[in-house]
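These are the residues of each chain, in order.
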Amino acid sequence: MAALNERKVAVVGCGFVGSASAFALMESGLFSEMVLIDVNKEKAEGEALDISHGLPFAKPMQIYSGDYKDAGDAAVVVVTAGAGQKPGETRLDLVKKNVGIFKSIIPEIAKYNKEGILLIVANPVDILTYAAARLSGFPENRVFGSGTVLDTARFKYLLGEHLSVDSRSVHAFIIGEHGDSEIAAWSSANVSGIPIHDFCEMRGHFEHEKSMKEIAENVKNSAYEIIEKKGATYYGIAMSVRRICEAIIRDEKSILPISSIQHGENGIDGVALSMPAIVGRRGVEGSVPIRLNEQEKEALLKSAGTLKAVIDESI
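As the structure is a prediction and not an experimental result, all values here were calculated from the model.

Moving on, we come to the overall build of the protein. Regarding its fold elements, the protein presents nine helices and 16 strands. For a compact globule of 315 residues, the expected C-alpha radius of gyration is about 20 Å, and the protein comes in at 19 Å, within 12% of that figure. Here the protein holds 315 residues, and 53% of them are scored as buried. Counting contacts in the protein only where the partners sit at least 6 residues apart, residues at least 24 apart contribute 71% of the total. Per element, the accessible surface of the protein, about 14,100 Å² overall, is 52% carbon and sulfur. Taking the average place of the 34 positive charges on the side chains of the protein and the average place of its 42 negative ones, the gap between the two points comes to 3 Å.

The following block contains the structure:
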């Protein structure tokens, strides 16, 4: 077994999300080696060549197409492979197709790579994170999904636009399923420490209920809107992949709403969903409890129940 290369990443799946993620990772300067793996070897070779031709404007890096053996020493294996979401299709509609694909992919990764981190990006990400943990046999801290990192970014972006403030100063999370049952955690949302409702009033916004509903719906429906308009979403998730890899490789101990298997937190057990967690070089280093009101707790349990029913049926 090859020793782990801390500066190497593997991207499995070279569709829209995989290739956009590979490009974002090249630009990040985090890695000195990247292997692209796809069932369509020509596609992987083409993407590797295309991205490599931008290297004179970036940092030195080796980018090539390969197979699962080449991922054996990767510090992070990003799994984007799977059927994409079509217009009118929910993420949960993809379950059976993509669980089937994972049954062939994950054991191959685990055969060659024993020490790296599995970052699951394919949808439905919560179900597939659970499946990957079971199929790989890896410790659960080293198998997690991109979860609601993108949904949270959309939430912060829309709040920033609504309040005319830098979205980086907005601290708020989308939790639960990365999908239709996701929850906007309004009760812990703030702008640089100022509770969200107080900040809204400072900016002249007083119709809290109406704005909350509108913003949460816009976040939830963002992917559907983008897919309807351009066929797929990939830039936002690629930036999310980059951000998560940054937290891992730089051992940042960043708090991100990744999808991981829950064990009793908030009364939820045996299901993967998104809650804020500390992410560093060892993967998920601990969960972070955030303040939730009773309505949010109830919605979170309902979201977990939806996912658990699908897991029981399909895995």
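Now that the structure has been shown, we can carry on.
Counting 46 residues, the largest nonpolar core has Val79, Ile106, Ile109, Leu118, Ile120 and Ile175 as the members making the most contacts within it. Taken together, the elements giving at least two residues each to this core come down to strand 1 (5-12), strand 2 (33-37), strand 4 (74-79), helix 3 (95-112), strand 5 (117-120), helix 4 (125-136), strand 14 (269-274) and helix 9 (294-314). Here the element with the most residues in this core is helix 3; it accounts for seven residues. Viewed by domain, this core spans two of them, domain 1 (5-145) and domain 2 (148-313), each represented by three or more residues. In this structure, Val76, Leu119, Ile248 and Ile249 belong to the second largest nonpolar core, which totals 37 residues.

Right, let's talk about the pairing of strand 13 (residues 259-263) for a bit. Along strand 13, four of the five residues are buried, which leaves the element largely enclosed by surrounding structure. As paired strands, strand 13 and strand 14 are joined by five bridges and run antiparallel to one another. From the neighbouring strand, Ser259 faces strand 14, where its bridge partner is Ser274. Taking the residues between adjacent antiparallel strands as the criterion, strand 13 and strand 14 are bridged by five residues, where Gly264 takes a positive phi near 95°.

A few words now on the UniProt feature "active site" (unreviewed entry) in the protein. Per the UniProt record, the feature "active site" (unreviewed entry) sits at His178. Along the chain, His178 turns up in the loop between strand 8 (174-175) and strand 9 (183-184).

What follows deals with the sheet that holds strand 16 (residues 283-287). Taken in spatial order, the three strands line up as 12-15-16 in an open sheet, and their pairing is antiparallel. Edge positions in the sheet fall to strand 12 (254-256) and strand 16, since each has one partner strand and no second. Averaged over all pairs of adjacent strands, the angle between their axes in this sheet comes to 40°, without regard to strand direction. Alignment of strand 15 (residues 277-280) against strand 16, held across four bridges, turns out to be antiparallel. Bridge pairing in strand 16 links Ala277 to Ser287. Sheet contacts for helix 8 (residues 235-249): strand 12 and strand 15; angle to strand 12, the most-contacted strand, approximately 145°.

Turning next to the packing of helix 1 (residues 16-28) against helix 8. Interhelical geometry of helix 1 versus helix 8 gives an angle of 45° and a closest axis separation of 8 Å. Relative to helix 8, helix 1 is oriented oblique. For the pair helix 1 and helix 8, the crossing hand works out as right-handed. Counting all contacts with helix 1, which are made through Val17, Ala20, Ser21, Ala24, Leu25, Glu27 and Ser28, the residues of helix 8 involved are Ile237, Ala238, Val241, Arg242 and Cys245. In terms of residue class, the contact of helix 1 with helix 8 is made up of eight nonpolar, two polar and two charged.

Strand order in the open sheet formed by three strands is 7-10-11, with antiparallel pairing between adjacent strands. Of all strands in the sheet, those with a lone pairing partner are strand 7 (170-171) and strand 11 (194-195), marking the two edges. The sheet contact formed by strand 10 (residues 190-191) and strand 11 spans two bridges and is antiparallel. From the neighbouring strand, Asn190 faces strand 11, where its bridge partner is Pro195.

How big an interface is tends to be stated in terms of accessible area lost as the parts join. When cut into domains, the protein gives domain 1 (5-145) and domain 2 (148-313). With centres defined by C-alpha atoms, the gap from domain 1 to domain 2 works out at 23 Å. Residue-level contacts link 39 residues of domain 1 with 45 residues of domain 2. Taking both partners together, domain 1 and domain 2 bury about 3,500 Å²; carbon and sulfur atoms supply 68% of that area. At the junction of domain 1 and domain 2, the tally comes to two salt bridges. Salt-bridge contacts for Glu6 lead to Arg281; the nearest nitrogen and oxygen are separated by 2.5 Å. Scanning the region where domain 1 abuts domain 2 turns up eight residue pairs in polar contact (both at pLDDT 80 or more).

This next bit is on the pairing of strand 5. Where burial is concerned, the two faces of strand 5 agree: the one with Ile117 and Leu119 and the one with Leu118 and Ile120 are both buried. Bridge count for strand 4 against strand 5 is four bridges, and the pairing is parallel. What sits directly across from Val79, in strand 5, is Ile120. When strand 5 meets strand 6 (residues 143-145), the two strands line up parallel, connected through three bridges. When the sheet's bridge partners are listed, Leu119 is paired in strand 6 with Phe144. In this region the chain leaves strand 5, passes through helix 4 and returns to the parallel neighbour strand 6; the handedness of that crossover is right-handed.

Rules used throughout
Residues numbered from 1 in each chain as written. Predicted model: local features only at pLDDT ≥ 70, side-chain atom pairs only at ≥ 80, totals over all residues. Heavy atoms only, no water. Helix = DSSP H or I, 4+ residues; strand = E, 2+ residues; numbered from the N terminus. Rg over C-alpha atoms; globule rule 2.2 N^0.38 Å. Buried < 20%, exposed > 50% of the residue type's maximum accessible area, 1.4 Å probe, protein only. Contact = heavy atoms within 4.5 Å. Areas by Shrake-Rupley, 256 points an atom, 1.4 Å probe, with all protein chains shown as cover. Lys, Arg positive; Asp, Glu negative; His and termini not counted. Charge placed at Lys NZ, Arg CZ, Asp CG, Glu CD. Core = buried A, V, L, I, M, F, W, Y, C linked by side-chain atoms within 4.5 Å. Domains from an automatic or database assignment. Pairing = 2+ DSSP bridges. UniProt positions renumbered as here; feature names shortened; annotations may be inferred. Axes fitted to C-alpha atoms, helices over the stretch in contact; angles between N-to-C directions. Parallel < 35°, antiparallel > 145°, perpendicular 65-115°, else oblique. Left-handed = near helix turned anticlockwise from the far one by under 90°. Nonpolar A, V, L, I, M, F, W, Y, C, P; charged D, E, K, R; others polar. Buried area = accessible area lost by both parts, 1.4 Å probe. Salt bridge = Lys/Arg side-chain N within 4 Å of Asp/Glu carboxyl O. Polar contact = N/O pair within 3.5 Å; in protein donor to acceptor, adjacent residues only side chain to side chain. Right-handed = clockwise from strand over helix to strand, strands pointing away.

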